[in-house]
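Take a look at the letters that make up each chain.
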Amino acid sequence: MQRGGRVETGLLWSQSLVLAGYTLGSSVPHVEDYLPPLVALVVVLSLLLLPAEARRTHAARRARDRSRRDRSRSASR
């Protein structure tokens, strides 16, 4: 994806969040009572994904290092 596409996507994403917030705020009474638990839930779910991503990154890095080591050993023979 080109840089322009990223900017356009970012603008679209941010404006859709603003519109969704406005719509939610005007349609749900006392939405401020429901928002903190919802935000906390999103944060907790995001943090739960971090260990899985760290494991995946670590495994990819180990495989890459192993591959480099094997190539350097076969080149030195």
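Below or above, wherever it landed, is the structure these notes cover. All of these numbers come straight from a predicted model, not from anything done at the bench. (Residues numbered from 1 in each chain as written. Predicted model: local features only at pLDDT ≥ 70, side-chain atom pairs only at ≥ 80, totals over all residues. Heavy atoms only, no water.)

Points about the overall build of the chain
Part 1 of the argument: On a plain count of helices and strands, the chain comes out with two helices and zero strands.
Part 2 of the argument: In summary, the chain has a C-alpha radius of gyration of 22 Å against a globular reference of 11 Å for 77 residues, an excess of more than 25%.
Part 3 of the argument: Reported as C-alpha extents along the three principal axes, the dimensions of the chain are approximately 75 × 30 × 10 Å.
Part 4 of the argument: Within the structure as shown, the chain displays about 7200 Å² of accessible surface, and the carbon and sulfur contribution to it stands at 64%.
Part 5 of the argument: Looking at the chain, you have 13 positive and 6 negative side-chain charges, and the mean spots of the two groups are 20 Å apart. (Helix = DSSP H or I, 4+ residues; strand = E, 2+ residues; numbered from the N terminus. Rg over C-alpha atoms; globule rule 2.2 N^0.38 Å. Areas by Shrake-Rupley, 256 points an atom, 1.4 Å probe, with all protein chains shown as cover. Lys, Arg positive; Asp, Glu negative; His and termini not counted. Charge placed at Lys NZ, Arg CZ, Asp CG, Glu CD.)

Thoughts on the pattern of salt bridges
Part 1 of the argument: The full count for this structure, using the stated rule, is two salt bridges.
Part 2 of the argument: Glu 53 serves as the salt-bridge partner of Arg 56, at 2.9 Å between the closest nitrogen and oxygen. Taken as a pair, Arg 56 and Glu 53 lie in helix H2 (residues 31-76) at a separation of three residues, close to a single helical turn.
Part 3 of the argument: For Glu 53, a relative accessible area of 37% puts it in the partly exposed group.
Part 4 of the argument: The residue Asp 65 makes a salt bridge to Arg 64 at a minimum N-O spacing of 4.0 Å. (Salt bridge = Lys/Arg side-chain N within 4 Å of Asp/Glu carboxyl O. Buried < 20%, exposed > 50% of the residue type's maximum accessible area, 1.4 Å probe, protein only.)

Quick notes on unusual backbone geometry
Part 1 of the argument: Located in the positive-phi region is His 30, a residue other than glycine, with phi close to 60°.
Part 2 of the argument: Position of His 30 relative to the elements: it lies in the loop between helix H1 (3-27) and H2.
Part 3 of the argument: Here His 30 falls in the exposed class, since its relative accessible area comes to 55%.

Some thoughts on a positive patch on the surface
Part 1 of the argument: Positive charge collects at one region of the surface, where Arg 62, Arg 66, Arg 69 and Arg 73 lie side by side.
Part 2 of the argument: Along the chain, Arg 66 turns up in helix H2. (Patch = residues over 30% accessible without salt bridge, like charges linked within 9 Å, V, L, I, M, F, W, Y side chains within 5 Å.)

Details of the environment of Gly 10
Part 1 of the argument: Relative to the elements of secondary structure, Gly 10 occurs in helix H1.
Part 2 of the argument: Between the alpha carbons of Gly 10 and Arg 66 there is a distance of 37 Å; along the sequence they are 56 residues apart.

Observations regarding a nonpolar patch on the surface
Part 1 of the argument: Together, Leu 24, Leu 35, Leu 38, Val 39, Leu 41, Val 42, Val 43, Val 44, Leu 45, Leu 47, Leu 48 and Leu 50 line one region of the surface with nonpolar side chains, adding up to about 1100 Å² of accessible area.
Part 2 of the argument: Within the secondary structure layout, Leu 50 lies in helix H2.
Part 3 of the argument: When its relative accessible area of 52% is taken as the criterion, Leu 50 is described as exposed.

Function cannot be read off these values alone, since they describe shape.
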